[in-house]
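# Structural characterization, general
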Amino acid sequence: MVKIKTIEITTMRYVRGSLEAFLDGKKELNWVKGTIKNSGILNYKGMLQEIFDGLRRYSKLTRYQSILKVCQKEGWLKS
């Protein structure tokens, strides 16, 4: 029997990996913003916040603060 992952889990992992790539300096702000916007993660209430909560170890980084502010400005996260 093959175990099938739900689209929500797959989307969450994709966005989390994309955010980590940005936070590690491998990608740029506009790239990760576009990834979040086009991934479908915004269709799942609270999931983007869950991802950010899981990445709190990065919270002191300027990159973390910049993507957090962008997501709040866009209305994707609460301020």
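Here the structure is shown first, and the text comes after it.
Throughout what follows, the structure given in this document is the object of discussion. Computed from a predicted model, the values in this text were never measured in an experiment.

Basis of the calculations
- Residues numbered from 1 in each chain as written.
- Predicted model: local features only at pLDDT ≥ 70, side-chain atom pairs only at ≥ 80, totals over all residues.
- Heavy atoms only, no water.
- Helix = DSSP H or I, 4+ residues; strand = E, 2+ residues; numbered from the N terminus.
- Expected span 1.5 Å × (residues − 1).
- Buried < 20%, exposed > 50% of the residue type's maximum accessible area, 1.4 Å probe, protein only.
- Contact = heavy atoms within 4.5 Å.
- Axes fitted to C-alpha atoms, helices over the stretch in contact; angles between N-to-C directions.
- Parallel < 35°, antiparallel > 145°, perpendicular 65-115°, else oblique.
- Arc of directions from axis to C-beta.
- Salt bridge = Lys/Arg side-chain N within 4 Å of Asp/Glu carboxyl O.

### A short note on helix α1 (residues 7–23)
With 17 residues, α1 should cover 24 Å at 1.5 Å per step; its first-to-last C-alpha distance of 24 Å lies within 8% of that length. Among the residues making up α1, those that are buried are Thr11, Val15, Ser18, Leu19, Ala21, Phe22 and Leu23. Buried-residue contacts for α1 involve α2 (29–39), α3 (47–54) and α4 (62–73). Two residues or fewer after α1 comes Gly25, characterised by a positive phi angle close to 85 degrees.

### Concerning the packing of α1 against α4
Interaxial distance between α1 and α4 falls to 9 Å at its minimum, and their mutual angle equals 130 degrees. As the angle between them shows, α1 and α4 are arranged oblique. On α4, the residues that touch Leu19, Phe22 and Leu23 of α1 are Arg63, Tyr64, Ser66 and Ile67.

### Focus on α2
Of the positions making up α2, those classed as buried are Val32, Thr35, Ile36 and Ser39. The buried side chains of α2 occupy one side of the element, clustering within an arc of 95 degrees when seen end-on. Exposed side chains of α2 directed beyond 90 degrees from the buried face belong to Asn30, Lys37 and Asn38. For α2, the elements touching its buried residues are α1, α3 and α4. Backbone geometry just downstream of α2 places Gly40 in the positive-phi region, at approximately 95 degrees.

### Description of the pattern of salt bridges
As a working rule, side chains carrying opposite charge can pair if their charged atoms are close by. Tallied over the entire structure, the rule returns four salt bridges. A salt bridge links Lys33 to Glu74; its shortest N-O distance comes to 3.2 Å. Linking Lys33 in helix α2 with Glu74 in the segment after α4, this pair joins segments that are 41 residues apart in sequence. By relative accessible area, which is 27% here, Lys33 ends up partly exposed. A residue is classified by how much of its surface remains accessible, and Glu74, at 38% relative accessible area, is partly exposed. Among the salt bridges present, the one from Arg56 reaches Asp53, with a minimum N-O distance of 2.8 Å. Given a relative accessible area of 32%, Asp53 falls into the partly exposed group. A single salt-bridge network, built from bridges that share partners, covers Arg16, Glu20 and Arg57.

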